[in-house]
Amino acid sequence: MPVLPIARMGNPVLREIAARIADPTDPAVARLAADMIATMLDAPGVGLAAPQVSESRRLIVFRVPADRSGGEEVANTVLVNPAIEPLSDEMALGWEGCLSIPGLRGLVPRHTRIRYRGYGLDGARIEREATGFHARVVQHEVDHLDGVLYLDRMDDLRLLVCTEEMHHLNAALSAAVTSTPR
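Every chain begins its residue count from 1, and numbering advances along the sequence as written. In keeping with the predicted nature of the model, local features appear solely for residues at pLDDT of at least 70, side-chain atom pairs appear and are counted solely at 80 or more, and the whole-chain, interface and lining totals rest on all residues. Where side-chain values are given, they derive from all heavy atoms of the structure, hydrogens and water being excluded.

## Focus on the pattern of salt bridges
Salt bridges are counted wherever a side-chain nitrogen of Lys or Arg sits within 4 Å of a carboxyl oxygen of Asp or Glu. All chains considered together, the criterion is met by 14 salt bridges. Salt-bridge contacts for Glu-96 lead to Arg-110; the nearest nitrogen and oxygen are separated by 2.8 Å. Residue Glu-96 is found in strand β4 (residues 91-98), and its partner Arg-110 is found in strand β5 (residues 101-111); the two are separated by 14 residues along the sequence. No difference in accessibility class separates Glu-96 from Arg-110, as the two residues are buried. Numbering of helices and strands runs from the N terminus; a helix is a DSSP stretch of H or I covering at least four residues, while a strand is a stretch of E covering at least two. Working definition: with a 1.4 Å probe on protein chains only, accessible area under 20% of the residue-type maximum means buried, over 50% means exposed, and in between means partly exposed.

## With respect to the side chain of Thr-39
Inspection of the secondary structure puts Thr-39 in helix α1 (residues 27-42). Note on Thr-39: relative accessible area 1%, which makes it buried.

## What to know about the nonpolar core
Proteins that are soluble and globular tend to have nonpolar side chains buried together. By nonpolar core is meant a set of buried Ala, Val, Leu, Ile, Met, Phe, Trp, Tyr and Cys residues that side-chain atoms within 4.5 Å join together. One finds Ile-60, Phe-62, Ile-114, Tyr-116 and Val-138 to be the most contacted residues of the largest nonpolar core, which totals 17 residues. Among the elements of the structure, β2 (59-64), β3 (74-86), β6 (113-119) and α2 (132-145) are those that each provide at least two residues to this core. Counting residues per element, this core draws most heavily on α2, which supplies six residues. Formed by 15 residues, the second largest nonpolar core is a distinct cluster that contains Met-36, Leu-48, Leu-59 and Val-61.

Structure follows, in structure tokens:
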């Protein structure tokens, strides 16, 4: 399973709408998924969409580490032709980064509760509800299939920072929250 090169912001493949996969059980899809998981883990990241490895196909891989999600852990997951349905109007801001936009992080609004559907590599239908970090990761990766980067979702680009400077913004946000009358 080779580690694949990751397309960076500016590569046109990241702005395309990815093509549906006709047969989730195709061995070529399984090989691509395995290579994507190896690439995601090597990066290291928590999700990767096929366009990020220059394959304009509707395929994502992701994982949810327990230490980043309040205890919920989801093992490496492959989702072919995913679709998302928000289950409430509630949105929350959360820090996001992207393997295709190294060195930056931004506060991005996302739905807090979603249902996602798609297919596994065995062709079986997958349907699951997700909340919190799990929901955020899936939404981020599915956005890649529609040519959307997390920057496009940000309401305020002043909340975009270089990773090594995040502590400055976190301190300012903490001060604003604690000084705000309730």
